[in-house]
Amino acid sequence: IKDAQGNIQGGPVYYITTAFKGAFGKFLAGFFAIAIILALGFFGCMVQSNSIGSTFQTAFGVPSWVVGIVLVVICAVIFLGGVQRLAAVTEKLVPVMAVIFLVGGLVVLVVRIQVLPATFGLIFKYAFAPNAIIGGSLGYALKMAVSQGVKRGLFSNEAGMGSTPHAHAMAKVKHPHEQGVVAMTGVFIDTFVVLTMTALVVISTLYAENGILSGGAAEGVSKANMAQLAFGTVLGSRAGSMFVAVCLLFFAFSTILSWNFFGRLNVSWLLGEKAVGVYSVLAIGFIFLGSCLSNDLVWELADLFNQLMVLPNVLALVTLGGLVAAACRRK
């Protein structure tokens, strides 16, 4: 829709109230708005700052809380001062960093090409026998495997969560179907290209033949530094850590900017424009808090509220399926 100033506004709160009229639609839209403010605007940004802080501490020896302070200052300038230039520069650098990351991943895979068949073998082995690595009964292992897969998949590509529609709604295209294709392409690139590359790098260097962890767990290895260790096996320990840290800085920082923006739109819809300033200050506090807390805690908080976003959004998507199909046919 167009607001009073002529700006395009869109996202789940608008199509939820289109799918469901009356009080029920307003309730679902309000529920979604609260969930996304908490999930992305607060807890999701905690995960990003936590990841930046932990990788920089590993690569450069800078305490994560110091990194948190730097992030807070930069984000405060952007969130409260409305500085768009830095955000625009970051937006342009992210695709470049993605290409650099993929090239780095290809270098690692070329070096470890002899163990790639074993790498794929490990993926399929533990996909169909997860209890061998997770432990416990087969039912419990399958539950854990699927649960973790869904959580990480949601956090990574956000498909079905209702976050990226805020950005897609503002795109200038001749037909909505075109932007829908762009949205799906983004999920494909993120999941099937970037994440598959990362998984192959990690498994081929750490778990496959002669990998660091092929003989058992190693001290000091966690999900926070696993990618750094993986790239370090080929690029050199320090260079690998620095490579991942710098790439992650741009990926995570750009995500903080976009997620804060999505939260801002929902705060404005839910409470009015006057509440945006308070939201921005709270968001900055959560960014710093994320750099100080344990890795597991911030992930658990983000996972919980990510799932709450999905419920009202998917209900609306299913209800509006006929409308989407009709738009596709008109294309």
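Small disclaimer: the values here were computed from a predicted structure and weren't measured.

Visitor: Would you take a moment to explain a nonpolar patch on the surface for this structure?
Guide: Together, Val-99, Val-103, Val-107, Val-111 and Leu-235 make up an exposed nonpolar region whose accessible area comes to about 380 Å². When residues in the nonpolar patch are grouped by element, the largest group, 4 residues, is from helix α4 (residues 85-111). Its location among the elements puts Val-99 in helix α4.

Visitor: Could you clarify how one ought to interpret unusual backbone geometry in this entry?
Guide: Backbone phi values are negative for most residues with the exception of glycine, while trans is the configuration of most peptide bonds. A positive phi angle, close to 60°, is found at Glu-158, a residue other than glycine. Note on placement: Glu-158 falls in the loop between α7 (138-157) and α8 (165-168). Here Glu-158 falls in the buried class, since its relative accessible area comes to 11%.

Visitor: Explain the packing of aromatic side chains here, please?
Guide: With the rule as written, the count across this model stands at 15 aromatic pairs. For the ring pair Phe-101 and Phe-243, a centre distance of 6.2 Å and an interplane angle of 5° mean the geometry is stacked. Here the residue Phe-101 occupies a position in helix α4, and Phe-243 occupies one in helix α11 (residues 237-271), the gap between them amounting to 142 residues. Between Phe-261 and Phe-262, the aromatic rings sit 6.4 Å apart at their centres with planes inclined by 50°, giving tilted as the arrangement.

Visitor: How should the packing of α11 against helix α12 (residues 276-292) be read in this particular structure?
Guide: Packed helices, taken two at a time, are described by their axes: the angle between them and the distance between them. Orientation of α11 relative to α12, taken along the N-to-C sense of each, is 145°, at an axis distance of 10 Å. At the point where α11 passes α12, the crossing takes the right-handed sense. Seen from α11, the contacting residues are Ile-256, Trp-259, Asn-260, Gly-263, Arg-264, Val-267 and Ser-268; seen from α12, they are Val-276, Tyr-279, Ser-280, Ala-283 and Ile-287. Of the residues that constitute the contact of α11 with α12, the class distribution is 7 nonpolar, 4 polar and 1 charged.

Visitor: What's the story with the environment of Ile-203 in this structure? I'm lost.
Guide: With respect to the element layout, Ile-203 can be found in helix α9 (residues 176-207). In this structure the C-alpha to C-alpha distance between Ile-203 and Asn-313, which are 110 residues apart in sequence, comes to 34 Å. Excluding residues within four positions of it along the chain, Ile-203 makes contact with Thr-119, Leu-122, Ile-123 and Ala-208.

Visitor: Would you take a moment to explain helix α2 (residues 22-60) for this structure?
Guide: Residues separated by three or four positions in an α-helix point in the same direction, a consequence of the helix having 3.6 residues per turn. With 39 residues, α2 should cover 57 Å at 1.5 Å per step; its first-to-last C-alpha distance of 55 Å lies within 8% of that length. Where α2 bends most, at Gly-44, the angle is about 35°. The buried count for α2 comes to 28 of 39 residues, which makes it a mostly enclosed element. With its phi angle positive at about 75°, Gly-61 sits one or two positions after the end of α2.

Visitor: Sorry if this is basic, but what is going on with the environment of Ala-39 here?
Guide: Inspection of the secondary structure puts Ala-39 in helix α2. By relative accessible area, Ala-39 is classed as buried at 0%. Along the primary structure Ala-39 and Asp-303 are separated by 264 residues, whereas in three dimensions their C-alpha atoms are 7.9 Å apart.

Visitor: Mind showing me how you'd approach the nonpolar core here?
Guide: The nonpolar side chains of a soluble globular protein tend to be buried, and buried together. Among the nonpolar cores identified, the biggest contains 53 residues, and Ile-16, Ile-36, Leu-40, Phe-79, Ile-287 and Met-309 are the most heavily contacted of them. Those elements that place two or more of their residues in this core are α1 (12-19), α2, α3 (64-81), α7, α11, α12 and α13 (295-319). The element that contributes the greatest number of residues to this core is α2, accounting for 17 residues. Excluding residues within four positions of it along the chain, Leu-40 makes contact with Cys-45, Glu-158, Met-161, Ser-163, Trp-259, Phe-262, Asn-306 and Met-309. Ranked by size, the runner-up nonpolar core spans 18 residues in total, among them Leu-200, Val-201, Leu-206 and Val-244.

Visitor: So what exactly am I meant to see when it comes to the environment of Thr-198 here?
Guide: Relative to the helices and strands, Thr-198 resides in helix α9. Separated by 60 residues in sequence, Thr-198 and Ser-258 place their C-alpha atoms 23 Å apart. A polar side-chain atom of Thr-198 sits 2.9 Å from the main-chain carbonyl oxygen of Val-194.

Thresholds applied
Residues numbered from 1 in each chain as written. Predicted model: local features only at pLDDT ≥ 70, side-chain atom pairs only at ≥ 80, totals over all residues. Heavy atoms only, no water. Patch = residues over 30% accessible without salt bridge, like charges linked within 9 Å, V, L, I, M, F, W, Y side chains within 5 Å. Areas by Shrake-Rupley, 256 points an atom, 1.4 Å probe, with all protein chains shown as cover. Salt bridge = Lys/Arg side-chain N within 4 Å of Asp/Glu carboxyl O. Helix = DSSP H or I, 4+ residues; strand = E, 2+ residues; numbered from the N terminus. Buried < 20%, exposed > 50% of the residue type's maximum accessible area, 1.4 Å probe, protein only. Phe/Tyr/Trp six-rings, centres within 6.5 Å; stacked < 30°, edge-to-face > 60°. Axes fitted to C-alpha atoms, helices over the stretch in contact; angles between N-to-C directions. Left-handed = near helix turned anticlockwise from the far one by under 90°. Contact = heavy atoms within 4.5 Å. Nonpolar A, V, L, I, M, F, W, Y, C, P; charged D, E, K, R; others polar. Expected span 1.5 Å × (residues − 1). Bend = angle between axes of the 7 residues up to and from the residue. Core = buried A, V, L, I, M, F, W, Y, C linked by side-chain atoms within 4.5 Å. Polar contact = N/O pair within 3.5 Å; in protein donor to acceptor, adjacent residues only side chain to side chain.

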